[in-house]
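Descriptive structure summary
So you can see what is in the structure, the chains are spelled out below.
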Amino acid sequence: MQKDNTSLTRPPIVTIMGHVDHGKTTLLDAIRKTNVVAREHGGITQHIGAYKIEFEGKPITFIDTPGHAAFEKMRSRGALAADIVVLTVAANDGVKPQTVEAIKHIKSADKPIIVAITKVDLPNVNVEKAKKELQTQEVTVEGYGGDVPVVEVAAPKAQGINELLELILLVWDLNPQPFLPSEPLEAFVVESFMDKRRGPIVTVIVNRGTLKIGQKIIVDSDTITVKALVDDGGKNLKEALPGDPVEILGFKKTLEVGSIVKDQIVAAIQEELSPVSFADIIAKAQDAKSKFKLIIKADVRGSLEAILENLPKTILVLSSATGDVSEKDIDFAKTAGAPIITFNIKTPSSVISKAERDGVLIKSYDVIYKLLEDMEGVAEGFEQAKVQSKVVGRGTIIASFVIEGKKIAGTKVTKGKFTVGDQVALMRNENQVATAKIATIKKFKKDFPSVLAGQECGIAFSGELDFQEGDTLESFGP
């Protein structure tokens, strides 16, 4: 497949989850068949666990292999796993146990959901019933008072496939990630197996940086030299760019799904991570969309109920129970990115060791008011971090000029994107001095709906804004 080296955003990475027999494989096959580029090159010639298509001239990468266990494994090992998850629900079957399990994993990973109601071509289907059952799992689709997009699909007839791909691109446009081929390499393993002829085969998707033939890479402390790169069409490549799925040859053994691939030289000079703390977790609120997540273990039911009743409303308790912290609790906490709070419990040393290895914070208390006091502080810090996380674009004003009597800010976008209609804050010496709304964005004397990091543009505002060269603009979206 051809790569667009001029693209400023990498392709979205999508995985499909749902209950067994709800049409995941058929849907993936139907998506493959829509790919004009694949047809031009004779179709997909081999299965590598991930593939990239082009739809309306835009690439989309699909992870073909993860079931729920693999998805959780990716999350627990720190891999991106996917930008967007398509949740399949069969119109003739509705929400089933594995659907509920998939929803749990998607929510703990904090990923955008698109619901695909499958098998709508079968007799006696009930699409509305499926939507209502999703609502009981707190997945409220559009048309039912929610904002989760939904599309009806009959994959064998290609019905709804284009609409699904359009939705994927639309969701991605709301929060795209930049195309960063010059950054340090980061790729994650989506499949690994032993081939009798070629030896260990490892399929990765590049998240950032560039993967090249002859490059020394490190995975799980093992360093190898890349001998060959093969794309999803069986074509040998010299390099793989962000968003590309590719097989790597050169490993001496198979790897765990979710393993992170890095450049050996860069990895060697990275500092070791400091012990995890509440401050570390709050700092990650830059990606937060809702509430601070928490897991609670207490000695008795009465203590647990008292804690739950008095926690700040902005804290989301993912799990609460009585009894000791177990290794299973650590696995869940790592997957969810949540600390474990204990009350009047002595945690076994083996569990503490596992928590330290996995980067999970266990905070113990024996005085309930101290626990609640700390949680108030954590909630407040988290909410402050969320305010910063709402910044969707940042740019520096590098020029000021007037067009048709309107003062225009010549701006270089340094992060994210600016869109017409966005609310922006004017920052000077790190202090907010004014707010305004973007009226128009121009590049090369033409109007554009949005502008991305790395680009320069002229921005006009609704109302007067007394900006100066060197000021910073921060966009908070519409």
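What counts and how
- Residues numbered from 1 in each chain as written.
- Predicted model: local features only at pLDDT ≥ 70, side-chain atom pairs only at ≥ 80, totals over all residues.
- Heavy atoms only, no water.
- Phe/Tyr/Trp six-rings, centres within 6.5 Å; stacked < 30°, edge-to-face > 60°.
- Helix = DSSP H or I, 4+ residues; strand = E, 2+ residues; numbered from the N terminus.
- Buried < 20%, exposed > 50% of the residue type's maximum accessible area, 1.4 Å probe, protein only.
- Lys NZ or Arg CZ within 6 Å of the ring centre and 35° of its normal.
- Pairing = 2+ DSSP bridges.
- Salt bridge = Lys/Arg side-chain N within 4 Å of Asp/Glu carboxyl O.
- Axes fitted to C-alpha atoms, helices over the stretch in contact; angles between N-to-C directions.
- Core = buried A, V, L, I, M, F, W, Y, C linked by side-chain atoms within 4.5 Å.
- Contact = heavy atoms within 4.5 Å.

For the structure on display, the rule yields 2 aromatic pairs. On the basis of an interplanar angle of 25° and a centroid distance of 5.7 Å, the ring pair of Tyr51 and Phe62 is categorised as stacked. Within this pair, whereas Tyr51 is found in strand β2 (residues 50-55), its partner Phe62 is found in strand β3 (residues 58-63), the two being separated by 11 residues in sequence. Exposure class is identical for Tyr51 and Phe62. Each is buried. The ring of Phe467 carries the charged tip of Lys407 above its face, separated from the ring centre by 4.4 Å.

With that out of the way, let us pick up helix α10 (residues 327-336). Of all the positions in α10, only Asp329, Ile330, Phe332, Ala333, Thr335 and Ala336 are classed as buried. Positive backbone phi, at 70°, marks Gly337, one or two positions downstream of α10.

Moving on: the sheet that holds strand β16 (residues 260-263). One open sheet accounts for 8 strands, arranged β11-β10-β16-β7-β8-β15-β12-β13; its pairing is antiparallel. Strands with a single pairing partner mark the edges of an open sheet, and in this sheet they are β11 (222-225) and β13 (236-237). By the bridge criterion, 5 bridges tie strand β8 (residues 199-208) to strand β15 (residues 245-249) in an arrangement that is antiparallel. Within β15, the residue paired with Val204 across the bridge is Val246.

This brings us to the pattern of salt bridges. The tally for this structure, following the rule as stated, stands at 20 salt bridges. For the salt bridge of Glu128 with Lys131, the shortest nitrogen-to-oxygen distance reads 3.8 Å. Here Glu128 pairs with Lys131, and both are found in helix α5 (residues 127-136), just 3 residues apart, close to one helical turn. Lys354 is the partner of Asp331 in a salt bridge, and the nearest nitrogen-oxygen pair spans 3.1 Å. Of this pair, Asp331 sits in helix α10 while Lys354 sits in helix α11 (residues 349-358), placing them 23 residues apart in sequence. Among the residues examined, Asp331 registers a relative accessible area of 36% and is labelled partly exposed. Since its relative accessible area comes to 12%, Lys354 is described here as buried. Several salt bridges converge on common partners, so that one network encompasses Asp331, Lys334, Lys354 and Asp358.

The 4 strands are arranged β18-β17-β19-β20 in an open sheet whose pairing can be described as parallel. In this open sheet, the two strands that pair with only one neighbour each are β18 (315-322) and β20 (362-365). The average undirected angle you get between the axes of adjacent strands in this sheet is 20°. Judged from the 7 bridges that link them, strand β17 (residues 292-298) and β18 form a sheet pairing that is parallel.

Leu27, Ile31, Ile60, Phe62, Val86, Leu165 and Ile168 are the most contacted members of the largest nonpolar core, which has 26 residues in total. Breaking this core down by element, the ones donating at least two residues are β1 (13-18), α1 (24-33), β2, β3, β4 (84-90), β5 (113-118) and α6 (161-174). Tallying contributions element by element places α6 first for this core, with 8 residues. Aside from chain neighbours lying at most four places away, what touches Ile31 is Ile16, Tyr51, Ile53, Phe62, Ile161, Leu164 and Leu165.

This part is about α1. Looking only at α1, the buried set comprises Leu27, Leu28, Ala30, Ile31 and Arg32. Against the buried residues of α1 lie β1, β2, β3, β4, β5 and α6.

All right, on to the pairing of strand β7 (residues 186-195) then. Pairing between β7 and β8: 9 bridges, direction antiparallel. Residue pairing across strands places Phe188 opposite Ile205, the latter belonging to β8. As consecutive antiparallel partners, β7 and β8 are separated by 3 residues. Both β7 and β16 contribute to a ladder of 3 bridges, which runs antiparallel. Considered in β16, the bridge of Phe188 is made with Ile260.

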